[in-house]
Every structure is written in C-alpha cells, then in structure tokens.
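# Observations on the model geometry
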Amino acid sequence: MILGLETSCDETAAALVTHDGAILTNVVSSQAELHARYGGVVPEVASRRHLELVTPVIREALAEAKAELGDVELVAVTTGPGLIGALLVGVAAAKAIAWARRLPLAAVDHLHGHVASLYLQPVALEPPFLCLLASGGHTLLLDVRDHGSKPRVLGTTIDDAAGEAFDKGARLLGLGYPGGAEIDRLARSGDPQAFDFPVARVPGLDFSFSGVKTALLYAVRDKQAAWLEAARPDLAASYQRAIVRALVERTQQAAEQTGATKAAVVGGVAANSELRASLGGAVLAPLPLCTDNAAMIASAARYVEPLPYPGYLGLDAYASTA
Ligand code: KG4
Ligand code: ZN
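A few points on the structure.

With that settled, consider the overall build of the chain. Across its full length, the chain carries 10 helices and 10 strands. Its C-alpha radius of gyration of 20 Å places the chain within 12% of the 20 Å reference for a compact globule of 322 residues. Structurally, the chain occupies a C-alpha span of about 60 × 45 × 35 Å along its principal axes. Across the 322 residues of the chain, 52% fall into the buried class. For the chain, long-range pairs separated by at least 24 residues make up 70% of all intrachain contacts whose partners lie at least 6 apart in sequence.

Here's what the structure looks like:
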C-alpha cells in the first residue's frame, strides 16, 4: 500500500491507498479554525501546526486502516506548489519514514494530485478528458492525455483563483474563513438574480475574477450593517452565480474547442453545490476528495517514477511551478 502525505497549505493529511486505487483511509486535519481569526492562512502558523499534527495524523491513518508502517511499500508526498514551510514538514516526515524503512519515495505535484483524485475507486476515470481544476490557489483548464504526464494548460486565471474569489467575497460579506463553503451555504437562501455581478471576459480560455470581487466591494461599501445583514443571502447567491457561470461557460467552450468527449472538475471549488449542479454530464470529484487531502497524493504517486532509497534525502520542496 501507499502512504500519502499532504501539507501544502492548511490541511495536515495522511492516507493509505492501494496500488489499484482503493482508499483504505483518508485522514484530514484542517487548521481552518486556527487561521480564521486572521481571515486567511498565516504561513508560519501553518508550518508550526503541521509539525505538531503530522505524526498523530499518520498514526491515526494507520490505526484506522488497521495497518502498520511495515505494510507501507511506497511513501508519497506533495513537494509543491504551496507554502514552502508547510511543504517542508510533509517532505521531512516522508523522507524520515521512507529512509527508516528503506522504502522508495514518490514526489507528487499538488495539481497532479487534484487531477488524480479522479483516478481513485469507484470513479477511476480514464484519460483523455478535459479537466477544470478550481482551488484556492489555481484555476486551470487542463487537457489531460494520460495518467502521468503533465497536462497541457488550455486556460488559467490572469488574476485571482476561483477559490480566492470565494474567500475574498466571503470576507467582504463578513463571513468566516475559508469562505467558499460559507457562501455556498448562505446562497441557498438567496436570490441569485438580486444583484448583477459581471465577470470580465478575457480572450481565449482564460479566466479573470478580480473584477467580480471589486463589483461586490462596491455593492457593500458604505452600506449600513442592517442592510448588509438583510441582503447577505442575495449577495452571496448572486456572487456565487457569477463565479459559477464563468467556470461553466469556459469549460463548455474548452470542450467545444478541443472536441473533448469527457469533462471533469476537481479542487476545493468543485465542492460547490451550484457548480456541481450546473456542470451536468461532467465527472465530479467525490466531495471528500475536492478539498486538499492525501488520498489524491497517494493516487498520483501510482503514476510517478518513485525515487529509490536513499536517493531522495536531498529532495526539496518548491513554492510555485513557474
Ligand atoms: O483545493 P483546496 O482545498 O486548496 C487549494 O489547493 O487551494 O481549495 C480550497 C478552496 C478555498 O478557496 C475554499 O473557499 C474553496 O476551495 N471551497 C469552496 C467550497 N468548498 C471549498 N468554494 C466554493 N464552494 C464550496 N462549497
Ligand atoms: Zn489543493
């Protein structure tokens, strides 16, 4: 079995996955509450918390699967992109376990991990397919040709990521962090046509979400607290509608342009209920695998050339792909 570790942002996660993609256990410890009072992830606070959580989370994953370290055949870890200090905690833990047990180690790219959330049972999607990856840090339309190689980027955001737009919008509405799930919840009781929040149309298959955030800012600034309180569900519903529309339109456009017969959606924003309902026909990553987790990292490791013992001791993490 494969032990996967993920510590790129504010989730400390460990999972055990079989070589044929069955999830034995998928433990995620979210630090969201720790960062909520700051309105976003504080990198240094995240690194320190990962350090406290990584061992207990791995122990919990092993206990849940009634497994021991001796059952692990491959250790997989996210090496980037993400918060560098946070990544280093996972990489150090993975190296220590792999080295102590003379195991190979697979270095996994976080974005490859999100796509590989589709390769786990029971979904087990087969490439080729068009993939919308929408998370807190990325918004990408990918042409996925096979399980392992780097997909061609058909479109990306020229400014904010979709999840970032949700989080910043939530902040303007006085909701908690992370904001995507909060907006999703509130939007259910609001009117999506109450406000008109235009999303900028950029050429090609790219996205832009900074304008819609500014439109929300203009709608709420200088307003009385009582007005905001009453309008909040309508604001959330209209704002969510604008972001979802942009994602859906672009995905459909990309499918037409590439002639893709299969489309899929992954990443934290793929948990959004309106997006899931609007992308009829697309393969949706299962809800627990949308936001950051280690099962997707172990899944991706199945398609990565592992580094043999002990060649990975000099392995480094990277903050960005560029
Ligand atoms: O994939 P993820 O866990 O972390 C990154 O790799 O960034 O994505 C987190 C993002 C956050 O921006 C969060 O607000 C958003 O996913 N998110 C949602 C929902 N659940 C999480 N956005 C919209 N609706 C949701 N239900
Ligand atoms: Zn992610």
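Back to the text.
On to the site of ligand 1, then. Taken together, 18 residues are adjacent to ligand 1, and Gly 136, Asp 167, Asp 184, Asn 272 and Asp 292 come closest. Within the backbone of Gly 163, a nitrogen or oxygen atom sits 3.1 Å from an oxygen atom of ligand 1. Surface burial for ligand 1 is 88%, taken as the share of its 550 Å² of free accessible area covered by protein chains. Split by residue class, the shell around ligand 1 holds 5 nonpolar, 10 polar and 3 charged. Of the domains in this structure, domain 1 (2-117 + 291-301) and domain 2 (127-284) are the two that each give at least three residues to the shell around ligand 1.

Looking now at the coordination of the zinc ion (ligand 2). For the zinc ion (ligand 2), every protein donor is listed as His 110 (NE2), His 114 (NE2) and Asp 292 (OD), and the spread of their distances is 2.0 to 2.1 Å. In this structure, the zinc ion (ligand 2) is surrounded by 4 donor atoms whose angles at the metal cover 98 to 133°, and the resulting shape is tetrahedral. Owing to a relative accessible area of 6%, His 110 belongs among the buried residues under this scheme. Asp 292 gets classed as buried once you look at its relative accessible area, which sits at 13%.

Spatially, the 5 strands line up as an open sheet ordered 3-2-1-4-5, and their pairing is mixed. Where the open sheet ends on each side, the last strands, each with one partner, are strand 3 (23-30) and strand 5 (105-109). Here the average twist between neighbouring strands, direction ignored, is 20°. As paired elements, strand 1 (residues 2-6) and strand 4 (residues 74-80) share 4 bridges and run parallel to each other. When the bridges of strand 4 are listed, Leu 3 appears paired with Val 75.

Basis of the calculations
- Residues numbered from 1 in each chain as written.
- Chains lettered and ligands numbered in written order.
- Predicted model: local features only at pLDDT ≥ 70, side-chain atom pairs only at ≥ 80, totals over all residues.
- Heavy atoms only, no water.
- Helix = DSSP H or I, 4+ residues; strand = E, 2+ residues; numbered from the N terminus.
- Rg over C-alpha atoms; globule rule 2.2 N^0.38 Å.
- Buried < 20%, exposed > 50% of the residue type's maximum accessible area, 1.4 Å probe, protein only.
- Contact = heavy atoms within 4.5 Å.
- Near = heavy atom within 4 Å.
- Polar contact = N/O pair within 3.5 Å; in protein donor to acceptor, adjacent residues only side chain to side chain.
- Areas by Shrake-Rupley, 256 points an atom, 1.4 Å probe, with all protein chains shown as cover.
- Nonpolar A, V, L, I, M, F, W, Y, C, P; charged D, E, K, R; others polar.
- Domains from an automatic or database assignment.
- Donors = N, O, S within 2.8 Å, 3.2 Å for Na, K, Ca; no water.
- Tetrahedral: all angles 85-135°; square planar, octahedral: opposite > 155°, others 65-115°.
- Pairing = 2+ DSSP bridges.
- Axes fitted to C-alpha atoms, helices over the stretch in contact; angles between N-to-C directions.

Spatial relationships are all this shows, so hold off on functional conclusions.
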